[in-house]
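Descriptive structure summary
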Amino acid sequence: MALNETHHPPLPVVLDAVRETAAQSHRTLDALGTGLSKTIGEHLGVPQEDVMVGPGSGALLQLLFSTLTGPGTHTVHAWPSWEAYPMMAGNAGSSVVRVPLTNERHDLSAMAAAVTDETRMVMVCNPNNPTGTVVGRGALAKFLKLLPAHVTVIVDEAYVDFADPGSTDDGIDLYRTDERVCVVRTFSKSYSLLSLRVGYLVGHPAVLGPMRGHQLFLRVGAPAQAAAVAALGVDAEIQERCRETARERDRLHSLLVAQGWTSADSQANFVWLPLDKGVEELTQYCADNGIMICGKPGDGIRVTIAEREANDAFAALAADFRTRAASWA
Ligand SMILES: Cc1ncc(COP(=O)(O)O)c(C=O)c1O
């Protein structure tokens, strides 16, 4: 429960595809993943040329940072958000401007105000890791109007399949209407393929074109491509799993709020408890009792949704911890 992975293993049809393709591992097969890009394009209703696949969305994000940013330029993103963004900027020799969340949510006006001539990318993690919060519907279209033409807007939708339908904008709709938008998605979370490493970008040639030349060995292995194609073939089942995870998330969230914890609504496969103190103590208390959670000292704790019994076990530990913390105070 410390990492945002799903407890659901890959579906049988997906494992069959991996086995079959693994038997062809001595062959080059589809080195650039064109079959997978085509399947994704058809699935989303976008041109295949606007899809770029890679070995995980993290690798593609790094490619975006490395291609679009460099010394003297920066990326604007919210904070707390995914902690890899500043590391990726560092790898690219660029920097970041962190704009604090307001009430656990992206402060889009403050983010727009932080954009300068040196800004190359604006990152919107939606739902946001670690808070799980989303940008409200319609907000991103207004945000785009505030941003200058030279900025590329990256909408990181690693967790979007867990969001309640209609709770936020679909990044793909924004990409359709604005050339500056590039959407990042992954098969690691909702599609249960974390260790196979498959992610993709959806963007216009102006954004993806300059990246193609740098993509040479950033390939998706053939078994992983086959797994992703097979997983899209059983998308209805996968989306039903996501709905089940979302129901469990809301149940755990309600249990924690009833215990007195403060937590904004999450639309991801995890819940977030903002805490300015006690993070290390709560994380250690859970670890001592068999549950690993993700503590971010000074900010809070993030707990990934797992099996019902595990979620209940965490809720019980959280309740115990509150009682103990109250008696120490
Ligand atoms: C917001 C966000 N984006 C992207 C990723 C990268 O996932 P992957 O490289 O497995 O596709 C993660 C992983 O934790 C994440 O939290």
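No experiment lies behind these values; they were computed from the predicted model shown. (Residues numbered from 1 in each chain as written. Predicted model: local features only at pLDDT ≥ 70, side-chain atom pairs only at ≥ 80, totals over all residues.)

With that out of the way, let us pick up the pairing of strand 2 (residues 74–79). Bridge count between strand 2 and strand 3 (residues 95–100): six bridges; the pairing is parallel. Its bridge partner lying in strand 3, His77 is registered against Arg98. Once you follow strand 2 into helix 4 (residues 84–91) and on to strand 3, the crossover reads as right-handed. The pairing of strand 2 with strand 4 (residues 119–125) spans four bridges and is classified as parallel. Of the residues in strand 4, the one forming a bridge with His77 is Met123. (Pairing = 2+ DSSP bridges. Helix = DSSP H or I, 4+ residues; strand = E, 2+ residues; numbered from the N terminus. Right-handed = clockwise from strand over helix to strand, strands pointing away.)

Turning our attention to the environment of Leu208. Turning to its location among the elements, Leu208 is positioned in helix 8 (residues 205–212). As for Leu208 and Thr67, which are separated by 141 residues in sequence, their C-alpha atoms are 9.6 Å apart. The contact partners of Leu208, leaving out residues within four places of it in the chain, are Asp50, Met52, Leu201 and Gly203. (Contact = placed C-beta atoms within 7 Å.)

So, on to the site of the ligand. The local shell around the ligand holds 13 residues, among which Gly56, Ser57, Gly58, Thr186 and Ser188 are the closest. Grouping the constituent residues of the shell around the ligand by class yields four nonpolar, eight polar and one charged. (Near = placed C-beta within 6 Å. Nonpolar A, V, L, I, M, F, W, Y, C, P; charged D, E, K, R; others polar.)

The next point concerns the packing of helix 1 (residues 12–22) against helix 9 (residues 222–233). Viewed as axis vectors pointing N to C, helix 1 and helix 9 meet at an angle of 150°, and their least axial separation amounts to 8 Å. As the angle between them shows, helix 1 and helix 9 are arranged roughly antiparallel. Two packed elements cross with a definite hand, and for helix 1 against helix 9 that hand is right-handed. Of the residues in helix 9, those touching helix 1 at Val13, Val14, Ala17, Val18, Glu20, Thr21 and Ala22 are Ala222, Pro223, Ala226, Ala227, Ala230 and Ala231. Tallied by class, residues from the contact of helix 1 with helix 9 come to eleven nonpolar, one polar and one charged. (Axes fitted to C-alpha atoms, helices over the stretch in contact; angles between N-to-C directions. Parallel < 35°, antiparallel > 145°, perpendicular 65-115°, else oblique. Left-handed = near helix turned anticlockwise from the far one by under 90°.)

By size, the foremost hydrophobic cluster in this structure holds 92 residues, and its most contacted members are Leu193, Leu201, Ala227, Ala228 and Ala231. Residue contributions to this core peak at eight residues, all from helix 9. Mapped onto the domain boundaries, this core takes at least three residues apiece from domain 1 (12–234) and domain 2 (236–328). Contacts of Leu201, omitting those with residues within four sequence positions, involve Met52, Leu60, Cys182, Val183, Val184 and Leu208. (Core = buried A, V, L, I, M, F, W, Y, C linked by C-beta atoms within 7 Å. Buried ≥ 20, exposed ≤ 12 C-beta atoms within 10 Å, placed from the backbone. Domains from an automatic or database assignment.)

Our next topic: the domain arrangement of the protein chain. You can read the domains of the protein chain as domain 1 (12–234) and domain 2 (236–328). Each of domain 1 and domain 2 has a C-alpha centre, and these two points are 27 Å apart. Each side of the interface is counted separately: domain 1 has 22 residues, and domain 2 has 19 residues. When its residues are assigned to classes, the side of domain 1 that touches domain 2 shows ten nonpolar, eight polar and four charged.

On to the sheet that holds strand 9 (residues 294–296), then. One open sheet holds the three strands; their spatial order is 8-10-9, and the pairing between them is antiparallel. Since the sheet does not close on itself, it has two edges, and those belong to strand 8 (270–274) and strand 9, each with one partner. Put simply, the sheet's adjacent strands are angled 15° from each other on average, direction ignored. In this structure, strand 9 lies alongside strand 10 (residues 300–304), joined through three bridges in antiparallel fashion. Within strand 10, the residue paired with Cys294 across the bridge is Arg302.

We now examine unusual backbone geometry. Cis peptide bonds are those with omega within 30 degrees of zero, and the linkage from Trp79 to Pro80 qualifies with 0°. The residue Pro80 is located in the loop between strand 2 and helix 4 in this model. Between Asn126 and the following residue, Pro127, the backbone shows a cis peptide bond with an omega angle of 0°. With a phi angle near 55°, Leu29 is a residue other than glycine that sits in the positive phi range. Within the secondary structure, Leu29 sits in the loop between helix 1 and helix 2 (34–44). With 15 C-beta atoms packed within 10 Å, Leu29 lands in the partly exposed category. Phi at Arg197 is positive, roughly 65°, even though this residue is not glycine. Within the secondary structure, Arg197 is located in the loop between strand 6 (181–186) and strand 7 (199–202).

Its location among the elements puts Thr186 in strand 6. We classify Thr186 as buried; it has 25 C-beta atoms within 10 Å. When the C-alpha atoms of Thr186 and Ser57 are compared, they prove to be 5.4 Å apart, with 129 residues separating the residues in sequence. Beyond its immediate stretch of four places on either side in the chain, Thr186 contacts Gly56, Ser57, Ala158 and Gly199.

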